[in-house]
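Structural features, examined
Given next are the chains, with one letter for each unit.
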Amino acid sequence: MRGGSLPPALLFAALGLVLAFAPRRAALFAIGASAAVAIGVAVAPIPGAWREGVFLMCWASLLATAAGVHLPRGVPAAAFIAAAINAGIWAGAVSAVSESPGDLFKAMFGLTIVVPALLLVRLRATVAVKVVSSWLIAVAVLAATLPFLPVTPGYLPDHLE
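My aim in this report is to walk through the structure given alongside it, one point at a time. From a predicted model like this one, the values you see are computed outputs, not experimental measurements. (Residues numbered from 1 in each chain as written. Predicted model: local features only at pLDDT ≥ 70, side-chain atom pairs only at ≥ 80, totals over all residues. Heavy atoms only, no water.)

In this section: the overall build of the protein. Tallying secondary structure elements over the protein gives seven helices and zero strands in all. Its helices and strands in sequence order give the protein the pattern α-α-α-α-α-α-α, from N to C terminus. Since a compact globule built from 161 residues should have a radius of gyration of about 15 Å, the 17 Å found for the protein is in line with a globular shape. Seen through its principal axes, the protein has C-alpha atoms that stretch 60 × 35 × 20 Å. Counting the 161 residues in the protein, one finds 42% classified as buried. Pairs at least 24 residues apart make up 90% of the contacts formed inside the protein by residues separated by at least 6 positions. (Helix = DSSP H or I, 4+ residues; strand = E, 2+ residues; numbered from the N terminus. Rg over C-alpha atoms; globule rule 2.2 N^0.38 Å. Buried < 20%, exposed > 50% of the residue type's maximum accessible area, 1.4 Å probe, protein only. Contact = heavy atoms within 4.5 Å.)

In structure tokens form, the structure reads like this:
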């Protein structure tokens with residue numbers, strides 16, 4: 001999970017789940033802000049040496065954003081905009097270091113999850129939204145820790161080859 005549109009798409013999906021709990025105007029503004037920031041960061045020159053750090057921060061941002069769904073009192077109004085800007089920064093940075101800016105536009109379709117999530121929130125069926133959010137948290141933890149785990153046999157060439 002080191003490139004392409006999957007990491008930013010999952011980050012945008014986490015943002016969409018959180019925005020389902022936001023007031024409508026704040027959600028629309030947050031979606032626009034996130035997209036604008038992501039495009040701006042994607043065209044910025046980011047050194048290739050930052051690649052691992054950018055991916056780690058993308059997964060950490062996904063974890064923090066998706067965890068907002070589980071807050072007992074909900075997310076404060078200002079936090080929706082902060083989460084959107086944060087998601088835009090790291091989604092754009094992943095696209096910049098992956099050198100695939102076209103994938104960013106594919107990833108933005110992850111925000112469309114806000115429509116069914118909003119419907120579920122309005123129907124007071126928030127458990128489904130929390131389950132999907134928990135799944136995203138699990139994926140983020142796995143993807144963030146995998147590069148730090150010791151290499152197991154079969155992943156690298158043997159000394160005999």
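A separate point is the nonpolar core. One finds Phe12, Leu15, Leu19, Trp59, Leu62 and Leu136 to be the most contacted residues of the largest nonpolar core, which totals 49 residues. For this core, the secondary-structure elements that each account for two or more residues are α1 (6–19), α2 (24–42), α3 (51–67), α4 (77–98), α5 (101–107), α6 (114–122) and α7 (126–145). Other than its neighbours up to four places away in sequence, Leu19 contacts Ala27, Ala30, Ile31, Phe80 and Val114. (Core = buried A, V, L, I, M, F, W, Y, C linked by side-chain atoms within 4.5 Å.)

Relative to the assigned elements, Thr65 resides in helix α3. The class of Thr65 is buried, set by a relative accessible area of 6%. Once residues lying within four places of it in the same chain are set aside, the contact partners of Thr65 are Leu11, Ala14, Leu15, Val18 and Asn86.

Take the environment of Phe12 next. With respect to the secondary-structure elements, Phe12 resides in helix α1. Take Phe12: its relative accessible area is 0%, and that puts it in the buried class. Beyond its immediate stretch of four places on either side in the chain, Phe12 contacts Ser34, Ala38, Ala87, Ala91, Leu104, Ala107, Met108, Gly110 and Leu111.

Take the packing of α2 against α4 next. In the contact formed by α2 and α4, the axes pass within 7 Å of each other and the chain directions differ by 25°. By the angle between their directions, the pair α2 and α4 is classed as roughly parallel. Crossing handedness for the pair α2 and α4: right-handed. Touching Ala26, Phe29, Ala30, Ser34, Val37, Ala38, Val41 and Ala42 of α2 are Phe80, Ile81, Ala84, Ile85, Ala87, Gly88, Ile89, Gly92, Ala93, Ser95 and Ala96, all from α4. A breakdown of the residues in the contact of α2 with α4 according to their chemical character gives 15 nonpolar, four polar and no charged. (Axes fitted to C-alpha atoms, helices over the stretch in contact; angles between N-to-C directions. Parallel < 35°, antiparallel > 145°, perpendicular 65-115°, else oblique. Left-handed = near helix turned anticlockwise from the far one by under 90°. Nonpolar A, V, L, I, M, F, W, Y, C, P; charged D, E, K, R; others polar.)

Our focus in this paragraph is the environment of Ala107. Looking at the secondary structure, you find Ala107 in helix α5. Taking the relative accessible area as the measure of exposure, Ala107 reaches 0% and is therefore buried. Discounting chain neighbours no more than four positions away, the residues touching Ala107 are Ser5, Pro8, Ala9 and Phe12.

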